[in-house]
Amino acid sequence: MHLGGGVPATLINTTRLGIPSKILTFVGKDVFSDFASKSFAEYGAEIINLYHGDGMPVVLSTVMVCNQDRSFLSFFDKSAGLDRSDEAVYRHLTGAKIVDMHTGFLNVYKRLKEEGTTLIFDTGWEDDLSIEKYEEYLKLADYYLPNQKEALKITQTQTVDAAAEKLSAYFHDVVIKLDKDGCLLKNERGTQFVPAMKNVRAVDSTGAGDAFMSGFMYGLYYNYPVEQCVRFGNVTGGTCVQEIGCLTKYVNEGKLLELAKTL
């Protein structure tokens, strides 16, 4: 059993890279919430608990990894009654340099955008993934970081070049993760491919996108050019896949800088 992916995995990895990070989350008094809370503490992550009820607010996911793909079966207690107060979320996020966006807080993100906060968005795979579904978030975000499969799905296109072209209507810098082939980066300077790490023995891709985002955010935090942010992301993502679980294999800041020079 492992702490799962998504925003927590990204921000735990940014903490490991020396970036001060806060995680807004929902944990209760049940056994799985207790496991999550203790895991956060072990990773040195600062969490802000927005839950005050008596239900089980954490999501339980079973990950099934097959030879060619993976699948998730998740359970969420909808009766837990989560307090999704925009004001509480805004109060904790205002002043942040970078925010990893989650669905459901559009008004908060609009206020943060006006204050100059950099917003990053990552949808993950959904069967009904579409630009129409997330257009308001895409218009607000400074960066969107889909993998190849997600980029083709959300844009309803057949090639990554076509997907990048469609996403360029929303983003100055379009980034599409290409798994073992690195990343496509499209902007006013044209289209380039940023290579992945070499000699990577991939064991489990769960959490690789979240790990990529942590490296990318590291670059943004220290004002590196976007190409270098992608290189950092390739290192953190490529490291993650070498062990089972979202948080098992990782790099510290020194190792990140060392490996990024080899790309």
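Our subject is the structure that appears above.
These lines cover the structure that appears in this document, whether it is placed above or below. This is a predicted model, so every value here is computed, not measured. (Residues numbered from 1 in each chain as written. Predicted model: local features only at pLDDT ≥ 70, side-chain atom pairs only at ≥ 80, totals over all residues. Heavy atoms only, no water.)

On to the nonpolar core, then. Judged by nonpolar contacts, the single largest core of 36 residues is most densely connected at M101, Y109, F121, L138 and I176. For this core, the leading source of residues is helix α5 (residues 131-140), giving five residues. Apart from residues no more than four positions distant in its own chain, M101 is found in contact with V7, Y109, L119, I120, F121, Y137, L140 and A141. V27, M56, I98 and C246 belong to the second-largest nonpolar core, a separate cluster that totals 30 residues. (Core = buried A, V, L, I, M, F, W, Y, C linked by side-chain atoms within 4.5 Å. Buried < 20%, exposed > 50% of the residue type's maximum accessible area, 1.4 Å probe, protein only. Helix = DSSP H or I, 4+ residues; strand = E, 2+ residues; numbered from the N terminus. Contact = heavy atoms within 4.5 Å.)

Turning our eyes to something else, we now look at the packing of helix α3 (residues 86-93) against helix α4 (residues 106-115). In the contact formed by α3 and α4, the axes pass within 9 Å of each other and the chain directions differ by 30°. Taken together, the axis directions place α3 and α4 in an arrangement best described as roughly parallel. Relative to α4, the crossing made by α3 is right-handed. Along the contact surface, α3 presents D86, E87, V89, Y90 and L93, while α4 presents N107, V108, R111, L112 and E115. For the contact of α3 with α4, a count of residues per class yields five nonpolar, one polar and four charged. (Axes fitted to C-alpha atoms, helices over the stretch in contact; angles between N-to-C directions. Parallel < 35°, antiparallel > 145°, perpendicular 65-115°, else oblique. Left-handed = near helix turned anticlockwise from the far one by under 90°. Nonpolar A, V, L, I, M, F, W, Y, C, P; charged D, E, K, R; others polar.)

What follows covers the sheet that holds strand β9 (residues 183-187). Taken in spatial order, the three strands line up as β8-β9-β10 in an open sheet, and their pairing is antiparallel. Of all the strands in the sheet, just β8 (174-177) and β10 (190-194) have a single pairing partner and so form its edges. Taking the axes of each pair of neighbouring strands and ignoring which way they run, one obtains an average angle of 15° across the sheet. Bridge analysis of β9 against β10 gives five bridges, and the strand direction is antiparallel. (Pairing = 2+ DSSP bridges.)

In short, the description is geometric, and any link to function would need to be established separately.
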